[in-house]
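Here's the letter readout for the chains.
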Amino acid sequence: MLLYEWVSADLLLGAALIGAGIGLLSGAFGKGGSALATPLLHVIGVPAIVAVASPLPATIPATLLASRVYARERCVDGRVFRLALAAGIPATIVGAVSTRWIPGGGLILATDVLVLVLGMRVLLRPHDADAAAVAVHSSVTRITVIAGLVGIVSGLLGNSGGFLLAPLFMTGLGMPVRRALGTSLAVSAVLAVPGTVVHAWLGHIDWSLTLAFGLASVPLANVGARVALRLRERALTLSYGFGLTALAGGLLLFAR
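Residues numbered from 1 in each chain as written. Predicted model: local features only at pLDDT ≥ 70, side-chain atom pairs only at ≥ 80, totals over all residues. Heavy atoms only, no water.

With respect to the pattern of salt bridges
Right, on to step 1. A full pass over the atoms with the stated rule returns one salt bridge.
Right, on to step 2. With a closest N to O distance of 3.6 Å, Asp-77 and Arg-179 form a salt bridge. Placement of Asp-77 in the loop between α4 (56-72) and α5 (78-97) and of Arg-179 in helix α9 (residues 177-201) is noted, with a sequence separation of 102 residues between them. (Salt bridge = Lys/Arg side-chain N within 4 Å of Asp/Glu carboxyl O. Helix = DSSP H or I, 4+ residues; strand = E, 2+ residues; numbered from the N terminus.)

Printed below as a string of structure tokens:
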């Protein structure tokens, strides 16, 4: 049974097609995918707040499966994972509850600009940064600040935060790309849970859209992670940097 009368079979098919593409990209690039899914779902006719919240539950199994692929290759930093959750979970709850009073338009624009800057920083990293044993400056303060800020933004925007976590792990903590992507996926899988609970409580989720999106995105997230792990470090870094920059540029152009 559909929660909203405007949900049609064509809309569910569109959500499934979007889910397939997002799942592949999210597994490869260490992000839940809901940040990119939101504007695409809105384009095909899903109301803004429903487009924000409905993909979020599907990111939980998708990111969990993809993070397991990275974990088997020892590309998840356990210490950063634990510290990020300690700061990120309460921050995500605060951000999600704040959607009752804070409009998301300005925040989305600011986030797109930040993603563009981060993408360019990834591209401009030294050529030998990924090949060398880069020292991770993972102080408790630095990890807490990154996870707290990302948690608030992810709660406000109804996503799991991976679109910011991975590049911030690379540029802020000095993580090699694979470790940053794997750790981002692991953190995102957990951060999506409190956001899902709060948005469901607020009535922002259409579960028929979530199901259509998730059935397509979950298996392809696993495929994306496997593809990323087969790429050379430098190729993966460049692909990720170009992907972030193009995504942010496209979203900023669309926002105009």
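Section: the side chain of Ser-208
Right, on to step 1. Note on placement: Ser-208 falls in helix α10 (residues 207-230).
Right, on to step 2. Among the polar contacts made by the side chain of Ser-208, one reaches the side chain of Asp-206 at a distance of 2.3 Å. (Polar contact = N/O pair within 3.5 Å; in protein donor to acceptor, adjacent residues only side chain to side chain.)

Here's the deal with unusual backbone geometry
Right, on to step 1. Even without being a glycine, Arg-74 presents a positive backbone phi close to 60 degrees.
Right, on to step 2. Positionally, Arg-74 belongs in the loop between α4 and α5.
Right, on to step 3. What makes Arg-74 exposed here is its relative accessible area of 73%. (Buried < 20%, exposed > 50% of the residue type's maximum accessible area, 1.4 Å probe, protein only.)

Quick look at the environment of Phe-81
Right, on to step 1. Note on placement: Phe-81 falls in helix α5.
Right, on to step 2. Linking Phe-81 and Ala-186, residues 105 residues apart in sequence, is a C-alpha distance of 7.1 Å.
Right, on to step 3. If near-sequence neighbours (up to four positions away) are discounted, Phe-81 is found in contact with Thr-183, Ala-186, Val-187 and Val-190. (Contact = heavy atoms within 4.5 Å.)

Remarks on helix α7 (residues 140-157)
Right, on to step 1. Its 18 residues place the ends of α7 25 Å apart at the C-alpha level, agreeing with the 26 Å of an ideal helix rising 1.5 Å per residue.
Right, on to step 2. Here α7 has its buried residues at Ile-143, Ile-146, Ala-147, Gly-148, Val-150, Gly-151, Val-153, Ser-154, Gly-155, Leu-156 and Leu-157. (Expected span 1.5 Å × (residues − 1).)

Details of a positive patch on the surface
Right, on to step 1. A cluster of basic residues, Arg-68, Arg-72, Arg-226 and Arg-230, forms a positive patch at the surface.
Right, on to step 2. At the level of secondary structure, the elements contributing two or more residues to the positive patch comprise α4 and α10.
Right, on to step 3. You can see Arg-226 is positioned in helix α10.
Right, on to step 4. With a relative accessible area of 39%, Arg-226 lands in the partly exposed category. (Patch = residues over 30% accessible without salt bridge, like charges linked within 9 Å, V, L, I, M, F, W, Y side chains within 5 Å. Areas by Shrake-Rupley, 256 points an atom, 1.4 Å probe, with all protein chains shown as cover. Lys, Arg positive; Asp, Glu negative; His and termini not counted. Charge placed at Lys NZ, Arg CZ, Asp CG, Glu CD.)

Notes on the nonpolar core
Right, on to step 1. Tyr-70, Phe-169 and Tyr-240 are the most contacted members of the largest nonpolar core, which totals 42 residues.
Right, on to step 2. Tallying contributions element by element places helix α8 (residues 162-173) first for this core, with eight residues.
Right, on to step 3. The residues contacting Tyr-70, other than those within four sequence positions of it, are Gly-27, Ala-28, Cys-75, Val-76, Arg-178, Leu-181, Gly-182, Leu-185, Ala-225, Ala-228 and Leu-229.
Right, on to step 4. Counting residues in hydrophobic clusters, the runner-up holds 14 residues, among them Leu-36, Val-46, Ala-58 and Ala-212. (Core = buried A, V, L, I, M, F, W, Y, C linked by side-chain atoms within 4.5 Å.)

Digging into a nonpolar patch on the surface
Right, on to step 1. A cluster of nonpolar side chains, Leu-24, Val-223, Val-227 and Leu-231, forms an exposed patch at the surface whose accessible area comes to about 280 Å².
Right, on to step 2. Position of Val-227 relative to the elements: it lies in helix α10.

As for α10
Right, on to step 1. Between the first and last C-alpha of α10 there are 34 Å, a value that for 24 residues agrees with the 34 Å anticipated at 1.5 Å per step.
Right, on to step 2. Of all the bends in α10, the greatest measures close to 35 degrees and is centred on Gly-214. (Bend = angle between axes of the 7 residues up to and from the residue.)

Considering the environment of Leu-156
Right, on to step 1. Relative to the elements of secondary structure, Leu-156 occurs in helix α7.
Right, on to step 2. Residue classification places Leu-156 among the buried positions, given a relative accessible area of 14%.
Right, on to step 3. Sequence separation of Leu-156 and His-199 is 43 residues, and the distance between their C-alpha atoms is 9.9 Å.

What to know about the packing of α9 against α10
Right, on to step 1. Closest axis-to-axis distance for the α9/α10 pair is 12 Å, and the angle between their directions is 170 degrees. In terms of orientation, α9 lies roughly antiparallel with respect to α10. Contacts between α9 and α10 pair Arg-178, Thr-196 and Ala-200 from the former with Trp-207, Ala-228, Leu-229 and Arg-230 from the latter.
Right, on to step 2. Here the residues of the contact of α9 with α10 sort into four nonpolar, one polar and two charged. (Axes fitted to C-alpha atoms, helices over the stretch in contact; angles between N-to-C directions. Parallel < 35°, antiparallel > 145°, perpendicular 65-115°, else oblique. Nonpolar A, V, L, I, M, F, W, Y, C, P; charged D, E, K, R; others polar.)

A word on the packing of α4 against α10
Right, on to step 1. At a minimum axis separation of 7 Å, α4 and α10 run at an interaxial angle of 15 degrees. Relative to α10, the element α4 lies roughly parallel. The interaxial crossing formed by α4 with α10 has right-handed handedness. In this structure, α4 contributes Pro-57, Ala-58, Pro-61, Ala-62, Leu-65, Ala-66, Val-69, Tyr-70 and Arg-72 to the contact, and α10 contributes Trp-207, Thr-210, Phe-213, Gly-214, Ser-217, Val-218, Ala-221, Asn-222, Ala-225, Arg-226, Ala-228 and Leu-229.
Right, on to step 2. Partitioned by chemical class, the residues of the contact of α4 with α10 number 15 nonpolar, four polar and two charged. (Left-handed = near helix turned anticlockwise from the far one by under 90°.)

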